[in-house]
Structures are given as structure tokens and as C-alpha cells.
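Analysis of the macromolecular model
Here are the chains, one letter per residue:
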Amino acid sequence: MTGLAFAVYGELGNSGPFSMRETCIVRAPSNLGLRPLRPGHVPGTWRAPQALTEAGLIEMLSPAKLVDLDRPAYSTEPQLGTRLRNGNAIRSFNLELAEIVASALGRGELPLVVGGDCAILLGALAAARRSGPLALIHVDGHSDFRHPGNYDINASLGSAAGMDLALATGRGEPLLTDWPDIAGPLVADEQVIQIGERENRNPDFAWPDINSTAMTLIDVFAARELGAAKVLKKTRATLARTGWPYWVHFDVDALDQTVMPAVDSPGSPGINPDDLVVVLAALVADPRCAGMDITIFDPDLDPTGELAVLLVSLLGRVFQLRATGISVT
């Protein structure tokens, strides 16, 4: 077992594999990694932590601790030394997030990072990775594998929210691939499971080179055909190669746009919500799970607040099932 596993789960031997760690909710109100959808637009994902809180998230999950980061300033202008939109600000925000997540792990808590856009994954991984190698389960309707090898960096500013998986595996600017006290990428290709991509079967798929990597890829079509049990079986097979701790990334655009339209890039089909609950619950119940983040919900696209309530209900089901001891082993 790695150092991280000992630090987080060191006392499980006396109380069984499904002893419940208390949850630490980290509210990370960032929209730095997203592009504006039109001139003058400021993406609304920064409001997601507060919107989900108002929809009952804290009462639903009853965390042991609640930590807030300050909202960073969003800009559409290029920044010195980077071709990433808000690149320097994203690094600063993620370094701060990493300290908070590392503190939660040090206390033996399960961090749930509520974003915000997908770039917050980097800070969460940078924290969990400090104690040793790590796997990543990337549940997302998009692979987020844009990197300098598959687009022209001089044509436009890059948006880190569409690059988080590429950056996490060491592809892209050192600004967001090199992290303090961590040698190499945050996660190795062999220890990535990507679940939910919906565009990979299109002839103009933007990131076809992901298919040449050693990542385990379960697109949305396969996920729907396999169902929750077989998706978990395939995921387990990759995790079993090392037994390392892992992080779970949940982008809500993995859901069908008819279920969750309040995202910047909605689409169809999506993972069945009931299957998604079972998969996520099983993953966060396992003692190897270092933590989880949830991203890309945009309250500006949810004027009635009903989608925030739906999302809180889904998370409530995940954590209630987690408490029953669902296993991925």
C-alpha cells in the first residue's frame, strides 16, 4: 500500500473496509478554464458551489468540514508567458486548492471538491499525488484531451477545461503539467479510465490520438450497453494492475442534455443517471478512493434552480449508497 493509502486509511484494519471517512466539502468557485461562449460572456460555473449549497447540498451530505476558496478573477485576454486562457491564475488557484485537499487527506477525510470548471482537477490531483502514484477515473462526456499535439496553439488561446485529462497526463504547458514535489505527470496513461466520451465515433472527433494511448476508454455508447456492473468490472481491471489510490472526476455533462442541459457543452447520449449513481457510489465507497470532484454545472443556465436540486439529489443518492458499503472489489 502506498503512503497515501496508509495516511488516509491507516485505521481501517480494526473496523472493516467500508468504515466511513467523514467528508470534507471544498467549494472551488472557478470558471478560469472555460472560454466565453460569446463576446462579453463570463461563464457561470463559478456560481455552482453556492447554487448547489442553496439547493441543499450541505444538509444532504452533512460534511465534517466545509472549506471555501475565493473566486478568482476571470479574463479573456492573453497572459504573459502562456497560451492558456487565465493560465497563470489557474496555476495559482490550483496550488491553493492542492493545499486544502492535502489537509483534508491528512485528517483522514474524503475530500469532495465542488467546482467550478474541469481545471480544478489538477489541484486535486496535485494534492493526492504527493504521497505516491495515483490512478484517475475520469467520468466526463468529453475526454478533455486537447493538447499542443492535436491543435494549433497559435490559432487561439487554449481553454484548460477542455484539456484537463491531457494536462493531468503530462501533455501541455509546464505551467499546468509541472507541480511542486511531484516527478512526472500527475497520472500515467496506464492508470486512467475515461468513461462517457460521446464524440469519439464522429468522423471529425477532435482528439483521435487518445485512442493510441494506454488509457482504458469506455465511451458513452459502451457504458450504456454494458450497464453499471460491467462498467465497474472493466474499471476494476485497470485499478487492479497496481492497487494504487485513485481520484474520481465527475463532469456533469456526462449526463444526457435532456437530463442536465446546464453545462457549456451539452450533448446526447449520456450515461443513464441510475447507472451513474451506482458507478460513482461504488467508486467512492472503496477505501482506495482518495477523493472526488464535480464540475461544469452552470447555474446561469438553470434559472429556476430545479437542475441544482436534481444534481444535489443525485449526489445524495451516491453518498447514501456509499454508506451501504457498495464495493468495487
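Notes on the structure in this doc start here. Worth saying up front: this structure is predicted, and the values here are computed from it rather than measured.

1. Describing the packing of helix α7 (residues 220-239) against helix α8 (residues 273-285)
Their axes nearest at 8 Å, the elements α7 and α8 cross at an angle of 35°. Classified by chirality, the crossing of α8 by α7 is right-handed. Within the contact between the two elements, α7 uses Gly 227, Ala 228, Val 231, Leu 232 and Thr 235 and α8 uses Asp 275, Val 278, Val 279, Ala 282 and Leu 283. The class makeup of the residues in the contact of α7 with α8 is 7 nonpolar, 2 polar and 1 charged.

2. Regarding the packing of aromatic side chains
Counted according to the given criterion, the structure contains 1 aromatic pair. Consider the rings of Phe 205 and Trp 207, whose centres lie 6.1 Å apart with planes at 75°: the pair is edge-to-face. Each member of the pair Phe 205 and Trp 207 is classed as buried. For the cation-ring pair, Arg 71 lies above Trp 46, with the distance from its terminal atom to the ring centre recorded as 3.7 Å.

3. Quick notes on helix α4 (residues 87-106)
Between the first and last C-alpha of α4 there are 28 Å, a value that for 20 residues agrees with the 28 Å anticipated at 1.5 Å per step. For α4, the complete set of buried residues consists of Gly 87, Ile 90, Arg 91, Phe 93, Asn 94, Leu 97, Ala 98, Ile 100, Val 101, Ala 104 and Leu 105. Just beyond α4, the residue with positive phi is Gly 108, at close to 80°.

4. Things to note about the packing of α4 against helix α5 (residues 120-128)
In a packed pair of helices, the relevant descriptors are the angle between the two axes and the axis-to-axis distance. One can describe the packing of α4 onto α5 by two numbers: an axis separation of 7 Å at closest approach and a directional angle of 45°. Taken together, α4 and α5 sit at an angle that is classed as oblique. In the crossing of α4 with α5, the sense of the turn from one axis to the other is right-handed. For the pair α4 and α5, contact is made by Phe 93, Asn 94, Leu 97, Ala 98, Val 101, Ala 102 and Leu 105 and by Ile 120, Leu 122, Gly 123, Ala 124, Ala 126, Ala 127 and Ala 128, respectively. In the contact of α4 with α5, the residues fall into 12 nonpolar, 2 polar and no charged.

5. Brief notes about the state of the cysteines
Counting across every chain of the model gives 0 disulfides. Left unpaired, Cys 118 is separated from the closest cysteine sulfur, that of Cys 289, by 17 Å. By relative accessible area, Cys 118 is classed as buried at 0%. Here Cys 289 stays free of any disulfide, with the sulfur of Cys 24 as its closest cysteine sulfur at 14 Å. Since its relative accessible area comes to 0%, Cys 289 is described here as buried.

6. Thoughts on the pairing of strand β7 (residues 246-251)
Across the 6 residues that make up β7, a large majority, 6, are buried. Neither face of β7 is exposed, since Tyr 246, Val 248 and Phe 250 on one face and Trp 247, His 249 and Asp 251 on the opposite face are all buried. As paired strands, strand β4 (residues 135-139) and β7 are joined by 5 bridges and run parallel to one another. Residue pairing in the sheet places Ile 137 in a bridge with Val 248 of β7. In the sheet, β7 pairs with strand β8 (residues 289-295) via 6 bridges, with the strands oriented parallel. Counterpart to His 249 in the pairing with β8 is Asp 293. Following the chain from β7 across α8 to the adjacent parallel β8, one finds a crossover that is right-handed.

Criteria and thresholds
- Residues numbered from 1 in each chain as written.
- Predicted model: local features only at pLDDT ≥ 70, side-chain atom pairs only at ≥ 80, totals over all residues.
- Heavy atoms only, no water.
- Axes fitted to C-alpha atoms, helices over the stretch in contact; angles between N-to-C directions.
- Helix = DSSP H or I, 4+ residues; strand = E, 2+ residues; numbered from the N terminus.
- Left-handed = near helix turned anticlockwise from the far one by under 90°.
- Contact = heavy atoms within 4.5 Å.
- Nonpolar A, V, L, I, M, F, W, Y, C, P; charged D, E, K, R; others polar.
- Phe/Tyr/Trp six-rings, centres within 6.5 Å; stacked < 30°, edge-to-face > 60°.
- Buried < 20%, exposed > 50% of the residue type's maximum accessible area, 1.4 Å probe, protein only.
- Lys NZ or Arg CZ within 6 Å of the ring centre and 35° of its normal.
- Expected span 1.5 Å × (residues − 1).
- Parallel < 35°, antiparallel > 145°, perpendicular 65-115°, else oblique.
- Disulfide = S-S within 2.5 Å.
- Pairing = 2+ DSSP bridges.
- Right-handed = clockwise from strand over helix to strand, strands pointing away.

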